[in-house]
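What follows is the residue order along each chain.
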Amino acid sequence: MMDTQKEALCRIISTLANKNEELQSFLEAVDNTLTGLQEESLKVTAELEAELEHLSSALEEKGAELRDAIKEEKQRKEAGLQKQMAEGGAALLSCEELLQFANHTLTITNEEEFLKAAKQIKERVTMAPAFRLTTRLVASENMSQFNVDFSAERAGLQCLHFLPVPRAPEIDVSSCVVCDNDITVAWQPAGEAEGDGGQRRYELEYRKTNRDDSLRAAGDACWEKILDISDTHVTISGLKFETRFVVIRVRAKNKAAAGEFSEPVVMETRAFSFGFDAATAHAELKVQGDTVTWEPQGVKGHDPRLRGKENKSSSRSATPSPNKSAGSRAGRDRFAGESYTVLGDKEMVGGCHYWELRPLADWKSFSVGVAYRASLGRFDQLGKSSGSWCLHASQWLQSSLAAKHNNKAKALDWPLPQRIGVYCDYDNGDLSFIDAERRRLLHSFKTKFSQPLLPAFTVWCGGITIATGLQVPSFMGNFLSTNQSLSNLSQ
């Protein structure tokens, strides 16, 4: 009985301990919230006082500006009237003197003196300021143009209130487009709330995912952000699509705060993303991310330019020599011998796919294409079997460009491209190579693919880099509709 009671008591103690920990956490959260509330209240109060001070300063500045306008007009009118008063006073004094002189002349009895004085009066009257001065006022006392009525402004001041938090916009799915690795997103604002002031900006966030039902699964750290968008649409350019979907959400923001995010929208990317399968790479190929470089282990044994210096009786066979045993030891899937090949790590079993290749500055020879993995032996070279198709480029001794398949080559009369696009429509059996910079179709293979395909690459002397996660570019439609290439031989 005692043991049973002890067990029950232990359970009670455990429950009380858990509850005690829960209450401590709760009280700590309340205390932190109170502290945060006090700090936030002080912050917003300080911001309010600052805004009121700015408003008061603006009102005082405007008042000073209006007072100065009234003062300037008053001074202008006063100056004009004071000038008229001075001129009028001088004219009046002159007129009074002339009147007195004229009255005195009437009392002269000597004819000669009278005529002389009369002539002087006539001359002085003609030149008198009183008869040359305008009696029209240059200014009036009217200052009605400076009357004011700030009733509307007072009403506006009485309506001052806190800025509202913007409501969540709504993404317009019908106007959203994914094309050429760009995403254009458009949305409708939820409507301006009263007092928003039109100072609205938007923030867009997006993240990549392979699931279309995990809209809210990721934390904030997983979202890429585009800030301070003024329009209700934006284009995100130059994306690399490593995943099947991109999730997008938008929120509005004003000076006060950011609102809630819109409902997230999932957009399908439809891109082919892969990497190099380092396990298949020839021992003398170095794979680093999206780049492959040729790094020979023994120059004389591997560089054809130096073969002439060796014994002419010694020829290089397709079977690797003992000093190349590192390739065979690395694994049975690794290419060996003169097949400086590496495969992609993702199969194509249907649909349309596109990727690009750029040769590095020091390249001499490379091939790019597709192959059936099962039909490509360790010592097989691309384009020499029925299960591989490729475009081969070389600038060793002389420049050349050729399409190869089943040990047949078709020379292409075109400058060596600096960026090659590869388009594969598995279902229709189309494989096309494009000069991506000049947008010229170099060659198309037409066949029927019967096995899973892998991207395949051969590098000798130099290196290449690939760009994947690309959508089929829109300009491919021109090639597919015209079906014209430098070599229209279907193989």
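In what follows, the structure referred to is the one given above.
Small disclaimer: the values here were computed from a predicted structure and weren't measured.

Chemist: Help me out: how do you make sense of the overall build of the chain in this one?
Modeler: Of the regular secondary structure elements, the chain holds six helices and 21 strands. Taking all 491 residues of the chain together, the buried fraction comes to 32%. In the chain, the proportion of contacts linking residues at least 24 apart, taken out of those at least 6 apart, comes to 68%. Surface accessibility of the chain: about 30,500 Å² in total, with carbon and sulfur atoms responsible for 52%.

Chemist: I'm lost on the pairing of strand E19 (residues 440–446) in this one. Help?
Modeler: Working note: regular strand, side chains alternate between the two faces of the sheet. Within E19, five of the seven residues are buried, which leaves the element mostly enclosed by the surrounding structure. Pairing of strand E18 (residues 430–435) with E19 involves six bridges; the strand directions are antiparallel. Counterpart to Asp430 in the pairing with E19 is Lys446. The loop that links E18 with its antiparallel partner E19 comprises four residues; one of these, Arg439, has a positive phi angle of about 55°.

Chemist: Would you take a moment to explain the packing of aromatic side chains for this structure?
Modeler: Geometry of an aromatic ring pair is reported as the spacing of the ring centres plus the angle between the planes. Following the criterion strictly, the structure yields 14 aromatic pairs and no others. Measuring from centroid to centroid gives 5.5 Å for Phe274 and Trp355, while their planes differ by 85°, and the two rings are edge-to-face. Separated by 81 residues along the polypeptide, Phe274 in the loop between strand E8 (265–268) and strand E9 (285–288) and Trp355 in strand E12 (residues 352–359) bring together distant segments of the chain. Judged on exposure class, the residue Phe274 and its partner Trp355 are both buried. On the basis of an interplanar angle of 75° and a centroid distance of 5.2 Å, the ring pair of Phe276 and Phe457 is categorised as edge-to-face. Of this pair, Phe276 sits in the loop between E8 and E9 while Phe457 is found in strand E20 (residues 453–460), placing the two residues 181 residues apart along the sequence. Each member of the pair, Phe276 together with Phe457, is buried. Here a set of aromatic residues connected by ring pairs shows up, and it is made of Phe272, Phe274, Phe276, Trp355 and Phe457. Seen from the ring of Trp223, Arg207 lies directly overhead, with NZ or CZ sitting 5.1 Å from the centre. Geometry around Trp223 places Arg249 over its ring, the cationic atom sitting 3.9 Å from the centre.

Chemist: In this structure, what is going on with the packing of helix H1 (residues 2–105) against helix H2 (residues 111–127)? I would like to understand it.
Modeler: One can describe the packing of H1 onto H2 by two numbers: an axis separation of 10 Å at closest approach and a directional angle of 160°. Classed by the angle they form, the pair H1 and H2 counts as roughly antiparallel. Crossing of H1 against H2: the hand is left-handed. Within the contact between the two elements, H1 uses Leu98, Phe101, Ala102 and Thr105 and H2 uses Phe114, Ala117, Ala118, Gln120, Ile121, Arg124 and Val125. Tallied by class, residues from the contact of H1 with H2 come to eight nonpolar, two polar and one charged.

Chemist: Just checking my understanding: could you explain the side chain of Ser367 for this structure?
Modeler: The topology assignment puts Ser367 in strand E13 (residues 365–372). Those residues in contact with Ser367 that sit more than four places away from it in its chain are Leu382, Cys390, Leu391, His392, Ala456, Phe457 and Thr458.

Chemist: Can you walk me through the sheet that holds strand E10 (residues 291–294) in this structure?
Modeler: Hydrogen bonding along the main chain pairs the strands of a sheet, whether they run parallel or antiparallel. With respect to topology, seven strands assemble into an open sheet ordered E9-E10-E21-E12-E17-E18-E19, the strand pairing being antiparallel. Bordering the open sheet on either side are E9 and E19, each of which pairs with just one other strand. Averaged over all pairs of adjacent strands, the angle between their axes in this sheet comes to 20°, without regard to strand direction. Across three bridges, E10 lies against strand E21 (residues 463–467) in antiparallel orientation. Bridging across to E21, Thr291 finds its partner in Thr465.

Chemist: Could you clarify how one ought to interpret the sheet that holds E8 in this entry?
Modeler: Here four strands make up an open sheet; going across it, the order is E5-E4-E7-E8 and the pairing antiparallel. On the outer flanks of this sheet lie strand E5 (224–229) and E8, each paired with one strand and no other. Between one strand axis and the next, the sheet turns by 25° as a mean value, whatever way the strands run. Across four bridges, strand E7 (residues 245–253) lies against E8 in antiparallel orientation. Within E8, the position partnered with Val247 by the bridge is Val266.

Chemist: What's the story with the pattern of salt bridges in this structure? I'm lost.
Modeler: Side chains carrying opposite charge are able to pair once their charged atoms draw close together. Within the structure shown, the criterion is met by 17 salt bridges. For Glu73, the salt bridge goes to Arg76, with nearest N and O atoms at 2.8 Å. Of this pair, Glu73 and Arg76 both sit in helix H1, three residues apart, roughly one helical turn. A relative accessible area of 15% places Glu73 in the buried class.

Chemist: Could you clarify how one ought to interpret unusual backbone geometry in this entry?
Modeler: Peptide bonds are, in most cases, trans, and in most cases residues other than glycine have a negative phi. For Asp180, which is not glycine, the phi torsion reads 55° and is therefore positive. Of note, Asp180 is situated in the loop between strand E2 (177–179) and strand E3 (182–188). Of note in the backbone geometry, Asn181 takes a positive phi value of approximately 60° without being a glycine. Its place among the elements puts Asn181 in the loop between E2 and E3. Judged by relative accessible area, Asn181 falls into the buried class, the value being 7%.

Chemist: Looking at this model, I keep getting lost on H2. Mind explaining?
Modeler: For an α-helix, the turn length of 3.6 residues means that residues three or four places apart are oriented alike. In this model, H2 (17 residues) spans 25 Å end to end at C-alpha, consistent with the 24 Å of a helix rising 1.5 Å per residue. A side-chain oxygen of the first residue of H2 lies 2.9 Å from the backbone nitrogen of Glu112; this N-cap is Asn110.

Chemist: Please explain the environment of Lys404 as it appears in this structure.
Modeler: Mapped onto the elements of the fold, Lys404 is located in strand E15 (residues 400–405). Look at Lys404 and you get partly exposed, because its relative accessible area is 22%. Sequence-wise, Lys404 and Ser367 are 37 residues apart; in three dimensions their C-alpha atoms are separated by 9.3 Å. Setting aside its immediate chain neighbours within four residues, Lys404 contacts Gly383, Ser388, Trp389, Cys390, His392, Ala409 and Phe445.

Chemist: It is not clear to me how a nonpolar patch on the surface should be interpreted in this structure. Could you clarify?
Modeler: Where nonpolar side chains cluster on the molecular surface, the patch consists of Leu23, Phe26, Leu27, Val30, Leu34 and Leu37 and spans about 570 Å² of accessible area. Assignment of secondary structure puts Leu27 in helix H1. Take Leu27: its relative accessible area is 55%, and that puts it in the exposed class.

So, how was this worked out
Residues numbered from 1 in each chain as written. Predicted model: local features only at pLDDT ≥ 70, side-chain atom pairs only at ≥ 80, totals over all residues. Heavy atoms only, no water. Helix = DSSP H or I, 4+ residues; strand = E, 2+ residues; numbered from the N terminus. Buried < 20%, exposed > 50% of the residue type's maximum accessible area, 1.4 Å probe, protein only. Contact = heavy atoms within 4.5 Å. Areas by Shrake-Rupley, 256 points an atom, 1.4 Å probe, with all protein chains shown as cover. Pairing = 2+ DSSP bridges. Phe/Tyr/Trp six-rings, centres within 6.5 Å; stacked < 30°, edge-to-face > 60°. Lys NZ or Arg CZ within 6 Å of the ring centre and 35° of its normal. Axes fitted to C-alpha atoms, helices over the stretch in contact; angles between N-to-C directions. Parallel < 35°, antiparallel > 145°, perpendicular 65-115°, else oblique. Left-handed = near helix turned anticlockwise from the far one by under 90°. Nonpolar A, V, L, I, M, F, W, Y, C, P; charged D, E, K, R; others polar. Salt bridge = Lys/Arg side-chain N within 4 Å of Asp/Glu carboxyl O. Expected span 1.5 Å × (residues − 1). Polar contact = N/O pair within 3.5 Å; in protein donor to acceptor, adjacent residues only side chain to side chain. Patch = residues over 30% accessible without salt bridge, like charges linked within 9 Å, V, L, I, M, F, W, Y side chains within 5 Å.

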